[in-house]
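Breakdown of the fold
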Amino acid sequence: MGDVMDNSTCERLQYFQITGQDTASFPKQPRRMQTWFTFTEVVMVTFTVCPHYYCRNNGSSFGGELLFGGVDETRFVSPINWIPVTQKGYWQIRLDVVKVQGALSFCYRSTQGCQAVVDTGTSLIGGPARDILLLQQFIGATPTAVGEYLVDCVRISSLPVVSFLINNVEYSLTGEQYIRRETLNNKEICFSGFQAIDVPSPVGPVWILGDVFLSQFYSIYDRGHNQVGLAHLSEKSKISV
């Protein structure tokens, strides 16, 4: 069993190195002992604030950082954009619009925008199949037999920027950030970081902001106020730690 912490622990924050096996769920009872995250060891917490940060530097053994009860102000650039949770049960928020280099937009048809779930347990960025198919075509990704999409690695630097407008703040990803590079049989293969996920109603349709998105920003999960915080990473967080 992991550490059991009480409110006094807020003054001495607990740090955990991210291994890629953690998942953030929305706790239904903020002031009782809750299991928020699933690790190789279970961690029981009473806190309502839980910041989360990844390190995607492949040359670093530091996988990221998870805090309970406070934030690490050296990891992000103020201000924090606080976004209200729209559907309790998930870290679900409103997504104003998704834009691809200003030439292709999603969510614009409705004055209410789209719904999105901020999910540390999902590797990619998911969205309705119809929208994701158009996005894949626009960035020149081609499907494989197993449903993944490949991009010519030589083209990554020229790929369009994909931006997510959330609570009137824009979060942009370059091709280098939303394409996953892997090596197979000594050959580099580049995979699109987007996948089609048709979530049925009443929860869906929704976009899923998984690790491809979250690795580029500092995220905070505040159950006490039912809100998600997003901030741009500091220079310290962009380099190897």
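Residues numbered from 1 in each chain as written. Predicted model: local features only at pLDDT ≥ 70, side-chain atom pairs only at ≥ 80, totals over all residues. Heavy atoms only, no water.

- By the naming in an unreviewed UniProt entry, the protein is Cathepsin E-A-like, taken from Cyprinus carpio.

Some thoughts on the pairing of strand β15 (residues 169-173)
- Two elements, strand β14 (residues 162-166) and β15, share five bridges in a ladder whose sense is antiparallel. Counted as the bridge partner of Val162 is Leu173 from β15.
- Between β14 and β15, which pair antiparallel and follow one another directly, the connecting turn spans two residues, one of which, Asn167, has a positive phi of 55 degrees. (Pairing = 2+ DSSP bridges. Helix = DSSP H or I, 4+ residues; strand = E, 2+ residues; numbered from the N terminus.)

Thoughts on the pattern of salt bridges
- Counting across every chain of the model gives seven salt bridges.
- Two residues, Arg94 and Asp96, come together in a salt bridge whose shortest N-O distance is 3.0 Å.
- The partly exposed category is assigned to Arg94, whose relative accessible area is 32%.
- As a salt-bridge pair, Glu148 and Arg180 come within 3.4 Å of each other at their nearest N and O atoms. Residue Glu148 is found in the loop between β12 (142-143) and β13 (149-151), and its partner Arg180 is found in strand β16 (residues 179-184); the two are separated by 32 residues along the sequence.
- Overlapping salt bridges bring together Glu148, Arg180 and Glu182 as one network. (Salt bridge = Lys/Arg side-chain N within 4 Å of Asp/Glu carboxyl O. Buried < 20%, exposed > 50% of the residue type's maximum accessible area, 1.4 Å probe, protein only.)

Topic: helix α1 (residues 129-138)
- Of all the residues in α1, the buried ones are Asp131, Ile132, Leu135 and Gln136. All buried residues of α1 fall inside an arc of 135 degrees around its axis, so they share one side. The exposed residues of α1 that point more than 90 degrees off its buried face are Arg130 and Gln137.
- Phi turns positive one or two residues past the end of α1, at Gly140, with a value near 80 degrees. (Arc of directions from axis to C-beta.)

A word on the state of the cysteines
- What the rule picks out here adds up to two disulfides.
- The side chain of Cys153 participates in a disulfide bridge whose partner is Cys190; the two sulfur atoms lie 2.1 Å from each other. Judged by the torsion about the S-S bond (115 degrees), the Cys153/Cys190 disulfide is right-handed. You can see Cys153 sitting in the loop between β13 and β14 and its partner Cys190 sitting in strand β17 (residues 187-192), a full 37 residues away along the chain.
- Classification of Cys153 by relative accessible area gives buried; the value is 17%.
- Given the relative accessible area of 1%, Cys190 is considered buried.
- For the protein, the disulfide bridges join cysteines in the arrangement 1-2, 3-4, where the cysteines are counted in sequence order. (Disulfide = S-S within 2.5 Å.)

Focus on the side chain of Gln136
- When you line up the elements, Gln136 lands in helix α1.
- For Gln136, a relative accessible area of 1% gives the class buried.
- Only 3.0 Å separates the side chain of Gln136 from the backbone oxygen of Phe194, close enough to count as a polar contact.
- Filtering out sequence-adjacent residues up to four positions away, Gln136 remains in contact with Ala141, Tyr149, Ser192 and Phe194. (Polar contact = N/O pair within 3.5 Å; in protein donor to acceptor, adjacent residues only side chain to side chain. Contact = heavy atoms within 4.5 Å.)

Re the sheet that holds strand β9 (residues 104-106)
- Strand order in the open sheet formed by four strands is β9-β8-β14-β15, and the pairing between neighbours is antiparallel. Each having just a single partner strand, β9 and β15 make up the two edges of the open sheet. Ignoring strand direction, the axes of neighbouring strands in this sheet form an average angle of 20 degrees.
- Bridging between strand β8 (residues 97-100) and β14 involves four bridges; their strand directions are antiparallel. For Val97, the partnering residue across the bridge sits in β14 and is Leu165.
- Sheet contacts for α1: β8 and β9; angle to β9, the most-contacted strand, approximately 160 degrees. (Axes fitted to C-alpha atoms, helices over the stretch in contact; angles between N-to-C directions.)

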